[in-house]
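Architecture and fold: a report
The lines below spell out each chain.
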Amino acid sequence: MEVKSRHHLRSDVVSDLETTLADQLGVELDGDAYERVEFEAVDWEVILVDGEPQIAYFDDEPFLTVRGANAYEPEKRLVTVDSGAISFVSDGADIMRPGITEASGDITGGDLVVIAEESHGKVLAVGRARVDGTQMVGDEGKVVDSLHHVGDDLYEFAG
């Protein structure tokens, strides 16, 4: 991925980002330097926090990347999958009800969510919920569309 532009964020933009992510995920960013990176061939915008790609914009909405979610451990908008789903989720598959062991009740259909595995709590992906968190556990059906996962180009990008 070729970088098109890169610039530091103003303090008011950083403050807005910190507030948004605290509200969405219950995390407190603690970076010293925030840079926005735009790419040539893809529509992604990434925010580097102290040089690490920890925030990305998904449909113009800022959210933690997989790396960011593993660094800050979100308390909200969390979907947990069982060990049988790990390889599928890590390959970018959408999340199906049978693989979900738990979903936080604060999730509303359309929300960006973090997908973590149950044994160690490691985040595997970021997706968009199709249904509310209270409706995610079950026997059949796709409930989260995968947007970013371990091993994809965004994950592999090194600031």
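You'll find the structure just up there.
Residues numbered from 1 in each chain as written. Predicted model: local features only at pLDDT ≥ 70, side-chain atom pairs only at ≥ 80, totals over all residues. Heavy atoms only, no water.

Re the pairing of strand E2 (residues 34–39)
Note the cut-off: Each residue is placed in one exposure class: buried if its accessible area under a 1.4 Å probe, protein chains only, is under 20% of its type's maximum, exposed if it is over 50%, and partly exposed if it falls in between. Put simply, DSSP marks the helices as runs of H or I at least four residues long and the strands as runs of E at least two long, and each gets a number from the N terminus on. Strands were regarded as paired on the criterion that DSSP finds at least two bridges between them.
Judged by how many residues are buried, E2 sits mostly within the fold: five of six residues are covered. Note: strand E1 (residues 3–8) against E2, five bridges, orientation antiparallel. What sits directly across from His-8, in E2, is Glu-35. Between the end of E2 and the start of strand E3 (residues 45–49), which pair antiparallel, lie five residues.

Let's talk about the sheet that holds E3
To be explicit about the condition: To obtain an axis, a line is fitted to C-alpha atoms, over the contacting stretch when the element is a helix, and the angle between two such axes runs from 0 to 180 degrees between their N-to-C directions. By the convention used here, residues are in contact when the closest approach between their heavy atoms is within 4.5 Å.
Overall, antiparallel pairing links the five strands, which are arranged E1-E2-E3-E4-E5 in an open sheet. Of all the strands in the sheet, the pair left with one neighbour each is E1 and strand E5 (61–64). For this sheet the average axis-to-axis angle between neighbouring strands, irrespective of direction, equals 30°. The sheet contacts of helix H1 (residues 11–25) involve E2, E3, strand E4 (52–58) and E5, and relative to E5 the element is tilted by about 65°.

Observations concerning the pattern of salt bridges
Where side chains of opposite charge bring their charged atoms close, a pairing between them can arise. Here is the rule: One speaks of a salt bridge when a side-chain nitrogen belonging to Lys or Arg is within 4 Å of a carboxyl oxygen belonging to Asp or Glu.
Tallied over the full model, the rule gives nine salt bridges. The partner of Glu-61 in a salt bridge is Arg-128, with the nearest N and O atoms 3.4 Å apart. Remark: Arg-128 occurs in strand E10 (residues 123–129) and Glu-61 occurs in strand E5; sequence separation between them is 67 residues. Judged by its relative accessible area of 23%, Glu-61 is partly exposed.

Remarks on the pairing of E5
One ladder, built from four bridges, connects E4 with E5; its direction is antiparallel. Counted as the bridge partner of Ala-56 is Phe-63 from E5.

Examining the side chain of Asp-152
Applicable threshold: Here Asp and Glu are counted as negative and Lys and Arg as positive; His is not counted, and neither are the chain ends. Here a polar contact means two N or O atoms within 3.5 Å. Within protein one must be a hydrogen donor candidate and the other an acceptor candidate, and residues neighboring in sequence count only if both atoms are side-chain atoms.
Inspection of the secondary structure puts Asp-152 in the loop between strand E11 (142–149) and helix H4 (153–156). The side chain of Asp-152 is buried and forms no salt bridge, while Arg-67, the nearest opposite charge, is found at 8.1 Å. Side-chain polar atoms of Asp-152 contact the backbone nitrogen of His-149, separated by 2.9 Å.

A word on the packing of aromatic side chains
Counted only if it meets this: Only rings of Phe, Tyr and Trp enter the pairing, Trp through its six-membered ring, and a pair is recorded when the two centres are within 6.5 Å. The plane angle decides the type: under 30 degrees is stacked, over 60 is edge-to-face, the rest tilted. Comment: the charge-over-ring label is applied if NZ (Lys) or CZ (Arg) is within 6 Å of the ring centre and within 35 degrees of the ring normal.
Overall, the coordinates contain one aromatic pair when judged by the stated rule. Centre to centre, the rings of Phe-39 and Phe-157 are 4.9 Å apart; their planes meet at 90°, and the pair counts as edge-to-face. Of this pair, Phe-39 sits in strand E2 while Phe-157 sits in the segment after H4, placing them 118 residues apart in sequence. A relative accessible area of 2% means that Phe-39 is categorised as buried. On the accessibility criterion, Phe-157 (10% relative accessible area) is buried. Here the guanidinium or amino end of Arg-67 rests over the ring plane of Tyr-155, the centre of that ring lying 4.3 Å away.

Considerations on the nonpolar core
Definition in use: Only buried Ala, Val, Leu, Ile, Met, Phe, Trp, Tyr and Cys residues count toward a nonpolar core, and they belong to the same one when joined by side-chain atoms within 4.5 Å.
Ile-47, Ile-55 and Leu-64 are the most contacted members of the largest nonpolar core, which has 30 residues in total. For this core, the secondary structure elements donating two or more residues are H1, E2, E3, E4, E5, helix H2 (66–72), strand E9 (112–117) and E10. Other than its neighbours up to four places away in sequence, Ile-47 contacts Leu-9, Leu-17, Tyr-34, Glu-35, Arg-36, Glu-52, Pro-53, Gln-54, Ile-55 and Tyr-57.

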